[in-house]
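Observations on the three-dimensional arrangement
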Amino acid sequence: MKLLKDAGHLFRFAGLFVIAFLIFLVVRHFVVPKTFGQYGHYRGASIDEMAARPIKFAGHQTCEQCHSDVAETKTNGKHAHVNCEACHGPLADHANDPASVIPTLPDTTVLCARCHTASAAKPAGFPQVNPAEHSGGMPCKTCHTPHSPVIGATPAAPSAAGGAK
């Protein structure tokens, strides 16, 4: 027993470790939500919480039902694969009641720069500009039609059905 005679400090450390582990388990019981792990490494109740949130985005198919002229222009242009609400914001309320919710047209000076400001991280074939040098602060829609931004194209005047689009 001479071997364990001086091992008291090891037993005290092991005891502290066991106490710390038990405290961890008690705290974990109160902190971790009950539905955690129900569907893998997720909180199961979050699915119902997200489903209860109001719908904000209508989807480009909904936009295209009323704004078919703009959809046709966009389909034939460079922005064919960009969804409407990526630029115009969430418009489910407008789709549900077009008369009560009139969307505002985005400021193309800021909006276009979000995607088209020059960056080495973007693919080489992606249209990139330095907005300050390219337009001198003028809105992009001065020279480009946002739904089909062909260089040198005359910007289309907003129509009644497609203007808010």
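Along every chain, residues carry numbers that run from 1 in the direction the sequence is written. Owing to the predicted nature of the model, reporting of local features is limited to residues with pLDDT of at least 70; listing and counting of side-chain atom pairs is limited to 80 or more, with chain, interface and lining totals taken over all residues. Each side-chain value is worked out from all heavy atoms of the structure, with water and hydrogens disregarded.

Another aspect to go through is the overall build of the protein chain. Secondary structure elements follow DSSP: runs of H or I of four or more residues count as helices, runs of E of two or more count as strands, with numbering from the N terminus. Along its length, the protein chain carries nine helices and zero strands. In the protein chain, the order of α-helices and β-strands from amino to carboxyl end is α-α-α-α-α-α-α-α-α. The buried share of the protein chain, reckoned over its 165 residues, is 17%. Throughout, a residue-residue contact means that at least one pair of heavy atoms, one from each residue, lies within 4.5 Å. Sequence separation of at least 24 residues holds for 49% of the intrachain contacts in the protein chain that already meet a minimum separation of 6. Only the protein chains shown count as covering a residue, and every accessible area follows the Shrake-Rupley method with a 1.4 Å probe. A total of about 12500 Å² of accessible surface is found on the protein chain, and carbon and sulfur atoms cover 66% of it. We call a residue buried when its accessible area falls under 20% of the maximum for its residue type, exposed when it is over 50%, and partly exposed in between, using a 1.4 Å probe and counting protein chains only.

A side-chain nitrogen of Lys or Arg and a carboxyl oxygen of Asp or Glu constitute a salt bridge if their distance falls within 4 Å. All told, the structure shown has one salt bridge when counted by the stated rule. Put simply, Glu49 and Arg43 hold a salt bridge, and the shortest N to O gap is 3.0 Å. Its relative accessible area of 43% is what places Glu49 among the partly exposed residues. Owing to a relative accessible area of 29%, Arg43 belongs among the partly exposed residues under this scheme.

Here we come to a nonpolar patch on the surface. Candidates for patches are residues over 30% relative accessible area with no salt bridge; among them, like charges are joined within 9 Å and nonpolar side chains (Val, Leu, Ile, Met, Phe, Trp, Tyr) within 5 Å. Judged by side-chain polarity, Phe17, Val18, Phe21, Leu22, Phe24 and Leu25 come together as a nonpolar surface patch covering roughly 610 Å² of accessible area. Along the polypeptide, Phe21 turns up in helix H2 (residues 8–31). Taking the relative accessible area as the measure of exposure, Phe21 reaches 45% and is therefore partly exposed.

What follows is about the side chain of Ser46. Inspection of the secondary structure puts Ser46 in helix H3 (residues 45–52). Given the relative accessible area of 18%, Ser46 is considered buried. Whenever a nitrogen or oxygen atom comes within 3.5 Å of another N or O atom, the pair is scored as a polar contact, on the condition that within protein one atom can donate a hydrogen and the other can accept it, and that pairs from neighbouring residues in sequence are kept only if both atoms are in side chains. Within the structure, the side chain of Ser46 is placed 2.6 Å from the backbone oxygen of Arg43, a separation counted as a polar contact.

For Arg114, the location among the structural elements is in helix H8 (residues 108–116). A relative accessible area of 63% means that Arg114 is categorised as exposed. Sequence separation between Arg114 and Cys87 is 27 residues; the distance between their C-alpha atoms is 9.9 Å.

This part covers the confidence of the model for the protein chain. When the pLDDT values of the protein chain are averaged, the result is 84; 88% of them are 70 or greater. The predictor rates its confidence in each residue with pLDDT, a number between 0 and 100. Predicted confidence in the protein chain is weakest over helix H1 (residues 2–5), with a mean pLDDT of 68, and strongest over H2, with 95.

Along the chain, the position of Asn96 falls in helix H7 (residues 92–96). Overall, the relative accessible area of 67% leaves Asn96 in the exposed class. Sequence separation between Asn96 and Thr62 is 34 residues; the distance between their C-alpha atoms is 9.7 Å.

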